[in-house]
Structures are given as structure tokens and as C-alpha cells.
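Here's the letter readout for the chains.
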Amino acid sequence: MTTTFITGANKSLGFETARRLGEAGHTVLLGARDRERGQAAAQLLGARFVQIDVTDDASVQAAAADVAAHEGTVDVLINNAGVLGKVGPVEEYTAADMSAVLEVNVVGLVRVTHAFLPLLRTSPNPVIVNVSSGMGSFGMTQDPARIESQYALPLYSASKAAVTMLTTQYAKELKDVKVNAADPGQTATDFTGGLGHSVAYGAESIVTLATVGPDGPTGQFVDRSGNLPW
């Protein structure tokens, strides 16, 4: 049985990923900051709720200890929790605005990965999936044929560029763990104001990377169609 821990899994892409992996036979640990919403989502899916705030060291350590005590291992870690951050005229962005986005999207990813690595290393096929975005790709945001080039989201884009780079660097360092980044594409969530394709479509790249075998890829950035430009 594959045990999978997903952060930010009480709604949208995280919830859909949890649903799909649960249907595929994974033991799903649904991580969420809000206890009430997390428990409700876990009950709907037949998953186990684990409270986690990726911005808080104590919360993340407690979540890892909870999983260690109950399951004893994690085969797949999906770093899905993220925020869009401030959107508006660039003149209005402050250092505090940037810090708030990085704290969740980047520092939170590092915090959770660090805490869960010992559990991952008890697995015969440890996998990390970082949910990134084409908005963090230089190639995609500069290509007029791509929808990513039509938006300007400096804070979010910078954070997701960091997520993708962290993914490639972790993949180099963690020879015993498959580490990849998924781009859900423009998905109809609260981030996009309901614009884009369905969460079922957006979750496909995450699910694909969460189910790679021992000979699967590492250090890749992919969407539903395959590898993406950096």
C-alpha cells in the first residue's frame, strides 16, 4: 500500500489529487491548515486528516511526528500548499507582500520536505511532487503562443520559478528520491477566478508524477502533455 501525504489538500487541486490517488489505492493523508475544513474533506474521501501549517515549524514537525506514529512511513510527498499573493499594480507590491508568498510557496516547501525526508527514506520508492506552475517558466511566460505570457503575476511567478529550481536541485542531491515538479496549467480554482480547465484535468500531471515507479523520471518539470521549458 502506497502512503501519500498531500499539503493543502482540503480543496481544489489538492482535494482532486487526494481523491484520484485514493481511488488508485493509496493510503491518503490529507494535510490542511484549517482543522474543520480538513476533517470534512478527509471524511468525504475516506482519507486521514493531518493538521499542518506549512509556515510554522512546530506544526510541520508535529505533522511529521503524527504520521510517524500512525503510518510509520511516507512513500509520496506532494507539496501542493500555495498562495497567489497580492495581485495589482507592481508599484503597490511591498517586501512584506513578497515575503508572505515565499513563506508559503517556497520556504514552506523546504520546511515540509526537510521534516518528511526521514519518513520518505523508509520507503522502497520515495517520491516528491512539487506543484509548480508555467507562470514560473521563463520560456512559457515569454512565448506569445502560451496563455502564461498574457498575465503578469510577479510575486507568484517568482515563487514558482523558485519551486521549479528547487526541484531540479533537490533531484541532484537526493539520489535515493524521485523529485519532480508538476504544472497543472490554468485551472478553474479560486486562484484563477474560475477561469481555465477543470481540476480533474489540472490534477493529471500531479497524479502521474505521484505514481512513478522506481525507474521513473527525476528532476523533471511536466504538465499533462509532457516535459516543459524552464
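Quick summary incoming for the structure in this document. (Residues numbered from 1 in each chain as written. Predicted model: local features only at pLDDT ≥ 70, side-chain atom pairs only at ≥ 80, totals over all residues. Heavy atoms only, no water.)

From N to C terminus, the chain includes eight helices and eight strands. In terms of overall size, the chain behaves like a compact globule, its C-alpha atoms giving a radius of gyration of 16 Å where 230 residues would be expected to give roughly 17 Å. A principal-axis box enclosing the C-alpha atoms of the chain has dimensions of 50 × 40 × 30 Å. Counting over 230 residues, the chain shows a buried share of 47%. Expressed as a percentage of contacts within the chain between residues at least 6 apart in sequence, the contacts between residues at least 24 apart total 66%. Side chains of the chain carry 16 positive and 23 negative charges; the gap between the two charge centres is 2 Å. (Helix = DSSP H or I, 4+ residues; strand = E, 2+ residues; numbered from the N terminus. Rg over C-alpha atoms; globule rule 2.2 N^0.38 Å. Buried < 20%, exposed > 50% of the residue type's maximum accessible area, 1.4 Å probe, protein only. Contact = heavy atoms within 4.5 Å. Lys, Arg positive; Asp, Glu negative; His and termini not counted. Charge placed at Lys NZ, Arg CZ, Asp CG, Glu CD.)

We now examine the side chain of T113. Within the secondary structure, T113 sits in helix α4 (residues 95–120). Assessed through its relative accessible area of 1%, T113 is described here as buried. Within polar-contact distance, the side chain of T113 engages the backbone oxygen of L109 at 2.8 Å. Those residues in contact with T113, other than ones at most four positions away along the chain, are L77, N79, I128 and Y170. (Polar contact = N/O pair within 3.5 Å; in protein donor to acceptor, adjacent residues only side chain to side chain.)

Attention shifts here to the sheet that holds strand β8 (residues 226–227). Within the open sheet, the eight strands sit side by side as β3-β2-β1-β4-β5-β6-β7-β8. Their pairing is mixed. Each end of this open sheet is capped by a strand with a single partner; those strands are β3 (48–51) and β8. Examined bridge by bridge, strand β2 (residues 27–32) and β3 share four bridges and lie parallel to one another. Counterpart to L30 in the pairing with β3 is F49. Taken strand by strand, helix α1 (residues 12–23) contacts β1 (3–6), β2 and β4 (76–79), and its axis lies near 175° from that of β1. Seen against the sheet, helix α6 (residues 154–173) touches β5 (127–131), β6 (178–182) and β7 (221–223) and runs at an angle of roughly 160° to β6. (Pairing = 2+ DSSP bridges. Axes fitted to C-alpha atoms, helices over the stretch in contact; angles between N-to-C directions.)

Here the focus is the pairing of β6. With five of five residues buried, β6 lies mostly within the body of the structure. Residues K178, N180 and A182 of β6 are buried on one face, and the alternating residues V179 and A181, pointing to the opposite face, are buried as well. With five bridges joining them, β5 and β6 adopt parallel strand pairing. The residue of β6 that forms the bridge with V129 is N180. Sheet analysis places β6 next to β7, joined by two bridges and oriented parallel. Across the sheet, the residue bridging to A181 is F221, located in β7.

In this model, α6 (20 residues) spans 29 Å end to end at C-alpha, consistent with the 28 Å of a helix rising 1.5 Å per residue. Within the sequence span of α6, burial applies to L155, Y156, S157, S159, K160, V163, T164, T167, T168, Y170 and A171. (Expected span 1.5 Å × (residues − 1).)

Moving on, we come to the packing of α4 against α6. Their axes nearest at 9 Å, the elements α4 and α6 cross at an angle of 20°. With respect to each other, α4 and α6 are oriented roughly parallel. Crossing of α4 over α6 shows right-handed handedness. Counted together, D97, M98, V101, L102, N105, V106, L109, V110 and T113 of α4 and L155, Y156, A158, S159, K160, A162, V163, L166 and Y170 of α6 form the full contact between these two elements. Of the residues in the contact of α4 with α6, the class split is 13 nonpolar, three polar and two charged. (Parallel < 35°, antiparallel > 145°, perpendicular 65-115°, else oblique. Left-handed = near helix turned anticlockwise from the far one by under 90°. Nonpolar A, V, L, I, M, F, W, Y, C, P; charged D, E, K, R; others polar.)

The residue S12 is not glycine, and still its phi comes out positive at about 50°. Within the secondary structure, S12 is located in helix α1.

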